[in-house]
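# Descriptive structure summary
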Amino acid sequence: MRNEKPGTWKSRHGYRVPKARRNCLSVTTDNRRRIAQVGMGGRSRMYTNAVAGPYTESCVLVGFCDPNPGRLEMARGRLPEGYPDVGLYAEGEFDRMIEDTKPETVVVTSKDSTHHKYIVRAMALGCDVICEKPLTTDAEKAQAIVDVKKKTGRELAVTHNARYSPSRAQVRRLLQDGVIGEVFSVELRWLLSTSHGADYFRRWHRRRENSGGLIVHKATHHFDLVNWWIGSSPVKVSAFGTR
C-alpha cells in the first residue's frame, strides 16, 4: 500500500480525495433547491449542466456519487469556475451523501439496473427523485418503487427527453388538435442508424442484466411517445417475437 499524501482521506472503497473537499456541504444561504446526483456517466451531463447552468438561480448541486473516482473528478471539473464545492462519494456511500449534503432532490443517472435501489433509498430518506429513463428494468423492481412512493408520498419524475424534439412535439399537437380525426390504431417503426444503433452493442447496455434489453432501454422512448401523442395509457399489453 502506498503512503497517502498528507491531508487525504481514504474510503473503504479505496477512493481518495482531499479531506478539505471530502464532506463538502455546499451550504447556501439562499432558497435554491439542493440536488445530489448518483451515476456520473455520459447520461449525467445533461442534468449536471442544466442545474449548474440555466437553472443555477433556482437549484444547486451539493453531491455526486459514483463507483468510478475518475468520473467523479471529471464531473466536478466540468462545473463552472467559482461554483460551490460539491461533495464526492463512492458507490457504497449514498446514504452518507444524503446525510452530509441534505439534498431535497436526488437525480438518478446510474446504470438502468441500479435505478430502483437509489430511487427507493432516496425516497425513504425523505428526498424527491428525478430519474433518467427507463424507470427500472423489471416488474419486481418497479413494484418496489411504487410501494415506497405510496408509503413516503415523495415526488418521482422519469425524464423522457424525446418529448422535447420539435418534430415529435408537433406530432402531438396535430393529433391532439384532431387534424387527422380520431386515432383508432398506431403502428410505430423506429429505425436506428448504424452509428447510433451500434452504440447500444458496445457499452454496458448491450447486456440484458444491465439494461433490460433494448425493448426496455430504448423502446421506453417509443412507448412513452405513443402514449403522450394520443393522450392515453394502455390497459392491456401483449407481444410476440423471435430470436
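Residues numbered from 1 in each chain as written. Predicted model: local features only at pLDDT ≥ 70, side-chain atom pairs only at ≥ 80, totals over all residues. Heavy atoms only, no water.

## Section: the overall build of the protein
- From N to C terminus, the protein includes 10 helices and 8 strands.
- At a minimum sequence separation of 6, the contacts of the protein that also span at least 24 residues come to 67%.
- Split by element, the accessible area of the protein, about 14,700 Å² in all, is 53% carbon and sulfur. (Helix = DSSP H or I, 4+ residues; strand = E, 2+ residues; numbered from the N terminus. Contact = heavy atoms within 4.5 Å. Areas by Shrake-Rupley, 256 points an atom, 1.4 Å probe, with all protein chains shown as cover.)

## Observations regarding the sheet that holds strand 7 (residues 128–132)
- As summarised here, the arrangement of the 6 strands in space is 5-4-3-6-7-8, forming an open sheet in which the pairing is parallel. Of all strands in the sheet, those with a lone pairing partner are strand 5 (87–89) and strand 8 (156–159), marking the two edges. Neighbour-to-neighbour, the strand axes of this sheet turn through a mean angle of 25°, independent of strand direction.
- Pairing between strand 7 and strand 8: 4 bridges, direction parallel. Counterpart to Glu-132 in the pairing with strand 8 is Thr-159.
- Across the sheet, helix 1 (residues 45–52) lies against strand 3 (33–38), strand 4 (59–65), strand 6 (105–108), strand 7 and strand 8, angled at about 145° from strand 4, the strand it touches most. (Pairing = 2+ DSSP bridges. Axes fitted to C-alpha atoms, helices over the stretch in contact; angles between N-to-C directions.)

## As for the pairing of strand 4
- Here strand 4 lies mainly inside the structure; 7 of its 7 residues are buried.
- Considered for its hand, the β-α-β crossover made up of strand 3, helix 1 and strand 4 is right-handed.
- Of the pairings in the sheet, the one linking strand 4 to strand 5 comprises 3 bridges and is parallel in character. Pairing of Cys-65 across the sheet is with Tyr-89, part of strand 5. (Buried < 20%, exposed > 50% of the residue type's maximum accessible area, 1.4 Å probe, protein only. Right-handed = clockwise from strand over helix to strand, strands pointing away.)

## Quick notes on the nonpolar core
- The biggest cluster of nonpolar side chains holds 35 residues, and the ones touching the most others in it are Leu-61, Phe-64, Tyr-83, Phe-94, Val-106 and Val-108.
- A per-element tally of this core places strand 4 first, with 6 residues.
- Setting aside its immediate chain neighbours within four residues, Tyr-83 contacts Val-51, Ala-52, Thr-56, Cys-59, Val-60 and Leu-61.
- Listed in part, the 6 residues of the second largest apolar core include Ala-169, Leu-175, Trp-228 and Trp-229. (Core = buried A, V, L, I, M, F, W, Y, C linked by side-chain atoms within 4.5 Å.)

## Regarding the pattern of salt bridges
- For the structure on display, the rule yields 10 salt bridges.
- We note a salt bridge from Asp-128 to Arg-154, for which the minimum N-O separation is 3.1 Å. Here the residue Asp-128 occupies a position in strand 7, and Arg-154 occupies one in the loop between helix 5 (139–152) and strand 8, the gap between them amounting to 26 residues.
- The exposure class of Arg-154 is partly exposed, given its relative accessible area of 27%.
- For Arg-189, the salt bridge goes to Glu-187, with nearest N and O atoms at 2.9 Å. Exposure class is identical for Arg-189 and Glu-187. Each is exposed.
- Taken together, the shared-partner salt bridges in this structure form one network comprising Arg-33, Asp-128 and Arg-154. (Salt bridge = Lys/Arg side-chain N within 4 Å of Asp/Glu carboxyl O.)

## A short note on the side chain of Asn-210
- One can find Asn-210 in helix 8 (residues 208–211).
- Within the local environment of Asn-210, its side chain forms a polar contact with the side chain of Lys-111, the two groups lying 3.5 Å apart.
- Each residue touching Asn-210, except ones within four places of it in the same chain, is listed here: Lys-111, Asp-112, Ser-113, Thr-137 and Trp-204. (Polar contact = N/O pair within 3.5 Å; in protein donor to acceptor, adjacent residues only side chain to side chain.)

## With respect to helix 5
- Over its 14 residues, helix 5 extends 20 Å from the first C-alpha to the last, a length consistent with the 20 Å expected when each residue adds 1.5 Å.
- Within the sequence span of helix 5, burial applies to Lys-141, Ile-145 and Val-148. One face of helix 5 carries all of its buried residues, which in axial projection span an arc of 70°. Among the exposed residues of helix 5, those oriented more than 90 degrees off its buried face are Ala-139, Glu-140, Lys-150 and Lys-151. (Expected span 1.5 Å × (residues − 1). Arc of directions from axis to C-beta.)

## Remarks on the packing of aromatic side chains
- The tally for this structure, following the rule as stated, stands at 1 aromatic pair.
- With a centroid separation of 5.1 Å and 55° between ring planes, the pair formed by Phe-94 and Tyr-118 is classed as tilted. On the criterion of sequence distance, the pair formed by Phe-94 in helix 3 (residues 94–101) and Tyr-118 in helix 4 (residues 115–124) is long-range, its members being 24 residues apart. Each of the two residues, Phe-94 as well as Tyr-118, counts as buried. (Phe/Tyr/Trp six-rings, centres within 6.5 Å; stacked < 30°, edge-to-face > 60°.)

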